[in-house]
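Residues per chain, in single letters:
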Amino acid sequence: AVRRVIENGLCEPITFPIGAGEYRMDSIRFDERDSGTADCPITYIADGDVILHGGISVAHENWQMPDAAMLSRFAEEARPHIRMISLASLGLTAEDWGEEIAIGAYETSHKYDGAPRGCGCEFFCGGRRMIKARYPNEGFLQLEAVADIGDVREFPPQNYYLDWDERRNHRGGAYIIDRETAKHVERGQESDKAWMFGYFYWDWADSSTPVTFRIENRVVYPKFVSRFAARAGADYYFYNVPEELDTAGEWYLDRKEGIVYYVGDKVESAYAPTVSALMNIRANDVCIRGLELHCTRGDYMSNMVSKDGKWVRSDSKTYASDIQSVCWAPGAISFENADRCGIENCYLHGLGIHAIEIKTGC
């Protein structure tokens, strides 16, 4: 409808109301056909409560109780509260949920041949990101020692391997865990699925990696090296371990069977994100107002404006919006090569790596 007005000659500002409701969306793309002008901007505004989300809705009645054989895999105290759902019953395939993806701003999976990249499957309930089954349930463990820092880029205090960026498939190293943690890990039936997240040297450099164990020696072998080495006392936790499904709000995805297990008697407003970016704006003088944007596997809003190979003016604004439940990568709003763009009075929460990123065309 807006494009028809533009085609007929835009002579005044347009305000396009969106009716109240909840809408499951694929990516919405605005291009040069959707541009306003400096004197006649185009505003898309919520008329009431409007939620756009990029996930598959999971109704409460679709959750089931696992059978006794399946429940035996999980912690005894959590078994009465565990529910399950087949992702295939929601129309998803193994390609949709994919493999486990490394998280953390400084993860190094891109340095390994065949390592999956992108944004992994996540699960949101009641507007909150649910926690992948982990140990411990809260806080961190601390490395007891480091036997091998691995093929790192930086070996503090500030020693560097200058050819690190050109090399691939780096040696991951070997970390030593304490005796109590080793005993806990030894009880696990599927520790081969375990991942490790931590701040392995600097307390601002987060990364994650699949791990294997030589538990009799309390050794953990990270597959992906920590870019900045590792040290005794570093904070970490294990996750993606089915035996650790023991606390309300935790979940585990059996990727082989495509089944999600979740701890919680009441499941409401649950989503499995499938859309990479809810809005991709490549238009000038567009404003988004009052929408709630939920549940995506990429930026909620990205802005990259080009014309004939040159970046052009892109006066886009979003404000008075509620943006939540973004997967781990990348974040909420990204404006690249965009001048005179703005974000005002937005509430951003439950985000991934970043909230707002603006790069000018200068």
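The coordinates are above.
Note that the coordinates shown come from a computational prediction; the quantities given were computed from them, not determined experimentally. (Residues numbered from 1 in each chain as written. Predicted model: local features only at pLDDT ≥ 70, side-chain atom pairs only at ≥ 80, totals over all residues. Heavy atoms only, no water.)

**Some words on the sheet that holds strand β8 (residues 131-132)**
Right, on to step 1. Strands sit in the order β5-β20-β19-β8 across an open sheet of 4 strands; the sheet is mixed. The outermost strands of the open sheet, each flanked by one partner alone, are β5 (82-86) and β8.
Right, on to step 2. With 5 bridges connecting them, β5 and strand β20 (residues 259-263) associate as antiparallel partners. Paired with I85 across the strands is V260, a residue of β20. (Pairing = 2+ DSSP bridges. Helix = DSSP H or I, 4+ residues; strand = E, 2+ residues; numbered from the N terminus.)

**So, unusual backbone geometry**
Right, on to step 1. Residues Y135 and P136 are joined by a peptide bond in cis, for which omega reads -5°.
Right, on to step 2. Mapping P136 onto the fold places it in the loop between β9 (134-135) and β10 (141-142).
Right, on to step 3. In this model, P156 is joined to P157 through a cis peptide bond whose omega is 5°.
Right, on to step 4. With respect to the element layout, P157 can be found in the loop between β12 (154-155) and β13 (159-160).
Right, on to step 5. The backbone of R218 shows a phi angle near 60°, a positive value even though the residue is not glycine.
Right, on to step 6. Overall, the relative accessible area of 16% leaves R218 in the buried class. (Buried < 20%, exposed > 50% of the residue type's maximum accessible area, 1.4 Å probe, protein only.)

**Some words on the side chain of K132**
Right, on to step 1. Positionally, K132 belongs in strand β8.
Right, on to step 2. Here the side chain of K132 touches E100 through a polar contact of 2.6 Å, side chain to side chain.
Right, on to step 3. Those residues in contact with K132 that sit more than four places away from it in its chain are E100, C121, Y239, E250 and W251. (Polar contact = N/O pair within 3.5 Å; in protein donor to acceptor, adjacent residues only side chain to side chain. Contact = heavy atoms within 4.5 Å.)

**Focus on the environment of P242**
Right, on to step 1. Inspection of the secondary structure assignment puts P242 in the loop between β18 (235-239) and β19 (250-254).
Right, on to step 2. Through-space distance from the C-alpha of P242 to that of K132 is 9.1 Å; in sequence the pair is 110 residues apart.

**Remarks on the side chain of D151**
Right, on to step 1. Along the chain, D151 falls in the loop between β11 (145-148) and β12.
Right, on to step 2. Since its relative accessible area comes to 16%, D151 is described here as buried.
Right, on to step 3. In terms of polar contacts, D151 uses its side chain to reach the side chain of H170, at 2.9 Å.
Right, on to step 4. If we ignore the near neighbours within four places in the chain, the residues touching D151 are W164, R167, H170, R171 and V225.

**Describing the environment of E186**
Right, on to step 1. Its location among the elements puts E186 in helix α4 (residues 179-186).
Right, on to step 2. Between the alpha carbons of E186 and R214 there is a distance of 9.7 Å; along the sequence they are 28 residues apart.

**Considering the pattern of salt bridges**
Right, on to step 1. Tallied over the full model, the rule gives 13 salt bridges.
Right, on to step 2. Of the charged contacts in the structure, one is a salt bridge between D31 and R3, with a shortest N-O distance of 3.7 Å. Placement of D31 in the loop between β2 (28-30) and β3 (42-53) and of R3 in helix α1 (residues 2-7) is noted, with a sequence separation of 28 residues between them.
Right, on to step 3. Take D31: its relative accessible area is 19%, and that puts it in the buried class.
Right, on to step 4. Among the residues examined, R3 registers a relative accessible area of 28% and is labelled partly exposed.
Right, on to step 5. The salt bridge partner of R167 is D163, with a shortest N-O separation of 3.1 Å.
Right, on to step 6. Overall, R167 belongs to the partly exposed group, its relative accessible area being 25%.
Right, on to step 7. Accessibility expressed as a relative area gives 40% for D163, which makes it partly exposed. (Salt bridge = Lys/Arg side-chain N within 4 Å of Asp/Glu carboxyl O.)

The values are spatial; any link to function lies outside them.
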